[in-house]
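# Inside the fold
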Amino acid sequence: PAAIHLADYQAPAWQVLETRLTFELEPSATRVTTVLTLECNPDAAIGSDATPPLVLNGEHLTLERVSVDGRVLASDEFTISETHLTLDGLPARCELETVVVIDPAANTALEGLYVSSGMFCTQCEAEGFRRITYYPDRPDVMSVFTTTVIGDKAHYPILLSNGNPVERGELEGGRHFVTWQDPHLKPCYLFALVAGDLVKHADSFTTMSGRDVALEIWVEPENLDKTQHAMTSLKASMKWDEEVYGREYDLDIFMIVAVNDFNMGAMENKGLNIFNSSCVLANHDTATDAAFQRVEGVVAHEYFHNWSGNRVTCRDWFQLSLKEGFTVYRDQSFSADMNSAPVKRIEDVAMLRTAQFAEDAGPTAHPVRPASYIEISNFYTLTIYEKGSEVVRMVANLLGKEAFRRGSDLYFAQNDGRAATIEDFISAMSEASGRDFTQFMRWYAQAGTPEVAASGVFDATAKTYTLTLRQTTAPTPGQNEKLPLVIPVRMGLVSADGHDLPLVLEGASLGSESVLELTEAEQSFVFTGIEHAPVPSLLRGFSAPVKLGFDYSREQLAFLMQHDSDGFNRWECGQRLALAALEDLMAAFQRGDKQAHLDERLLAAYRFLLTGEPTDRAVLAEMLTLPSEAYIAEQQAVVDVDAIHWARKTAKAQLATVLREEFVALYHANEQQGEYAPTFEQMARRSLKNAALSYLMGIEDKEGMRLAQAQLAAAHNMTDVRAALTLLVHSSRTELGNPALKAFAERWSHDPLVMDQWFAIQVTRPQADVLDRVRFLMEHPAFSLTNPNKVRALIGTFAGQNRVNFHRIDGEGYRLLADVVIELNRLNPDIAARIITPLTRFKRFDAARQALMKTELERIRNEKLSRNVYEVVEKALA
Ligand code: DPP
Ligand code: ZN
């Protein structure tokens, strides 16, 4: 397969003025009749009357008929291949009709039109529409769509598509139809169709200009009691986007449909969002607090796309972060406003620094705007989404609230109804603020995580503190030379009594906090009027997506953890202190010393957290969580999974032993009172309580055991049930864990989303027998390789989160994953290419593991590979 390059972009030769689709639904043979009103773009015409060829994409389609302006074409009047339909010599304006037959029931790739739990649904982004009909399947071709859906009335009483319903009626043979009209220009990746036996949760929203919008969440009947949170989140999102960005909804109806088999989290199709059921369904019996927050975030994300993505779309797929980075930034800001803002920031940064940094340091590293790809589905990545969001966040912070809002207003005004580029976004920001973004644009072009080395010198005589910042970015595949970026470093200087000192830089008073802009490879900043040596607090709020190094003593870290005025940095300094203590234990493990003691300074810091002034509960729960194994691994030159696992487990046990009474007290202080509600105050209490329980269970404390069993039996809500069940199943006490698992499965076998949790709990068991359990569970009736959620819950969770067992030195974990990838490569290439990720990171491990992982990658390479898996494996082995 060949790569596609951004540099080769050419505007489309033909536009589609109007698209009329008719679907005659049958699971194994759906007929799609497409009428396109086409117009040749004036610049593309060859000479005065000759038109360029019309090249339409189309895959897995059986063509029945093509006609132009009412005349059926003979088979020598067009060219057809496995991927294209080409017509020559068309009039500059014409009407093209095609009739194709497709097989949705056999579509296990879940792209295009497919059947899930007996209903029809679609996923067209990025290039699924070409599996539905012949079409110029590229985002810069925008058209109005009219869609008629015809289906059996008994099986498919509900027929949905984009826009507004304009006509419906009965047909012979027990069939009926509905016609939908979408007046907004859209590219075909935003097309959607749903047909099934569904029920709706209906509500309404009055927009800022006073229009009533019907809101409908469509689900299978048994899920109707899991839709309230999504509806509440949707209304909050609509309101927030009006208030914060001035964006109003633009159709009379907004629909969400929950689907069980879905590759992504959700999809922002115009007026008809289709959601993975895991990102929309939640009630307190079946979903954890984390799931509630995911629902809120994803509902907001997809809704926000109505402007950042749909009204203004992307010119080509290289610009994907134009809509995704911006929309993630928007949903992160929304969630911060709805919940605890510092905790939201901590969670987002923790994810970025483990998963995205690892991606940016691995074989598939790519810029936020890639220069080339083989399969675009492989580029729905943490870099495009999360790093893309960090880049927009830097723009927002550099401009300040008001200028950023002027910039976004201008961007929407200038590009409404257009397919835009990242330059269009940045130029609106520049025009609105007067700021020059020339150098800043390197963030979009350069892959890899920049490292900023900071050092400080205090001069008692001159009363100065000189902070020197040096930036470097390591080479990434295909990019050896890296240029200096614009790195905003928000910072303060903290005095010995814990206060921010007034900052004076080159005679200018900056207040107690400043944003230094590092633009060169190395720069020094001299602060004057400093009487005593300060402790610098750097990169507050994680003001840039970089790795910042400063040679803090552990005393300084403990000090900042208590005194930094920036909540994010208090957490960050606690994490740095914990990391240092964990690295001591890892070193002890590596020299065979299993008696090593945890650094007293970390114990003291924990004692301070547990007994000091009560602070924000939600932040406290984060601060009481040791860095994850994945984050610790990210900080090592060579990852030693066993040392990391042992160190973290040992640190937890020692903390629990010394601070047992405090953890018991913390548990009781945060026990549930009253009805469950998905409020962040309640969530914070639950996470604190369950953090305490987790420490107690880390030493299999008797009282902890009793509390866990009681919490499980009380079954007050899934957050508490799952936490208790996980701790019991992960303990050595199988006589407690096994019956609990069995009872749980009996209670919940009818609910696929709960069974996904049941799988995840078991495959994260740290004990060595877990691999047999994974293989055993793959045969369980509730598991299915064709369902992406099951694959993620069982295989993805095992390979991604059970690091000691996935990286077993006998290579069995690797073999298991490779076996699954090989099967999925045929069934669902998109999921196959995602689930393989842990194997591609082999360079981070010791030689023995590297060899084992490479062997499995080579075994995969010997298969007949999909483009998706081919691209990832080739890059990994390059
Ligand atoms: N549906 C995916 C998302 O919203 C891709 N657009 O990010
Ligand atoms: Zn998105």
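Residues numbered from 1 in each chain as written. Chains lettered and ligands numbered in written order. Predicted model: local features only at pLDDT ≥ 70, side-chain atom pairs only at ≥ 80, totals over all residues.

## Description of unusual backbone geometry
In the segment running from E125 into A126, the intervening peptide bond is cis, with an omega of -5°. Examined against the element boundaries, A126 turns out to sit in the loop between β11 (119-123) and β12 (143-152). A positive phi angle is found at D69, which is not glycine, with a value near 50°. Relative to the elements of secondary structure, D69 occurs in the loop between β5 (62-68) and β6 (71-72). According to the C-beta neighbour criterion, D69 is exposed, with 11 such atoms within 10 Å. The phi dihedral of E506 is positive, around 45°, even though this residue is not glycine. If you trace the backbone, E506 turns up in the loop between β28 (503-505) and β29 (508-511). (Helix = DSSP H or I, 4+ residues; strand = E, 2+ residues; numbered from the N terminus. Buried ≥ 20, exposed ≤ 12 C-beta atoms within 10 Å, placed from the backbone.)

## Comments concerning the pairing of β12
Note on strand geometry: in a regular strand, side chains alternate between the two faces of the sheet. Of all 10 residues in β12, eight are buried, a share of seventy percent or more. Two strands pair when backbone bridges link them, and strand β2 (residues 14-24) and β12 are joined in this way by seven bridges, in the parallel orientation. Looking across to β12, one finds that R20 is bridged to T146. Bridge analysis of β12 against strand β15 (residues 175-186) gives nine bridges, and the strand direction is antiparallel. Considered in β15, the bridge of F145 is made with D182. (Pairing = 2+ DSSP bridges.)

## Quick look at the site of ligand 1
In the vicinity of ligand 1, the contacting residues are E125, M264, A266, M267, E268, H301, E302, H305 and E324. Breaking the shell around ligand 1 down by element, the ones donating at least two residues are β20 (266-267) and α2 (289-304). (Near = placed C-beta within 6 Å.)

## Describing the environment of R315
Counting through the fold element by element, R315 comes out in the loop between β22 (313-314) and α3 (320-338). Distance from R315 to A419, taken between C-alpha atoms, is 4.3 Å for residues 104 residues apart in sequence. Each residue touching R315, except ones within four places of it in the same chain, is listed here: P139, D140, A419, A420 and T421. (Contact = placed C-beta atoms within 7 Å.)

## Digging into the UniProt feature "domain: Aminopeptidase N-like N-terminal" (unreviewed entry) in the chain
On the UniProt side, "domain: Aminopeptidase N-like N-terminal" (unreviewed entry) is annotated at positions that read residues 107-190 here. Across residues 107-190 one finds 0% helix and 52% strand; the C-alpha atoms that close the span lie 19 Å apart. (UniProt positions renumbered as here; feature names shortened; annotations may be inferred.)

## Considerations on the sheet that holds strand β19 (residues 253-259)
Sheets are built from strands that pair by backbone hydrogen bonding, the pairs being arranged parallel or antiparallel. Strand order across the open sheet formed by five strands is β17-β18-β19-β21-β20, with mixed pairing between neighbours. This sheet does not close on itself; its edge strands, each paired only once, are β17 (199-206) and β20. Relative to β19, strand β18 (residues 212-219) is paired through five bridges, and the arrangement is parallel. Paired with E216 across the bridge in β19 is M255.

## So, the packing of helix α27 (residues 847-861) against helix α28 (residues 867-877)
The geometry of α27 relative to α28 is characterised by a closest axis approach of 10 Å and an angle of 140° between their N-to-C directions. On the basis of their axis angle, the class for α27 and α28 is oblique. Along this stretch, α27 crosses α28, giving a crossing that reads as left-handed. Contacts between α27 and α28 involve L857, I860 and R861 from the first element and V869, V873, A876 and L877 from the second. When its residues are assigned to classes, the contact of α27 with α28 shows six nonpolar, no polar and one charged. (Axes fitted to C-alpha atoms, helices over the stretch in contact; angles between N-to-C directions. Parallel < 35°, antiparallel > 145°, perpendicular 65-115°, else oblique. Left-handed = near helix turned anticlockwise from the far one by under 90°. Nonpolar A, V, L, I, M, F, W, Y, C, P; charged D, E, K, R; others polar.)

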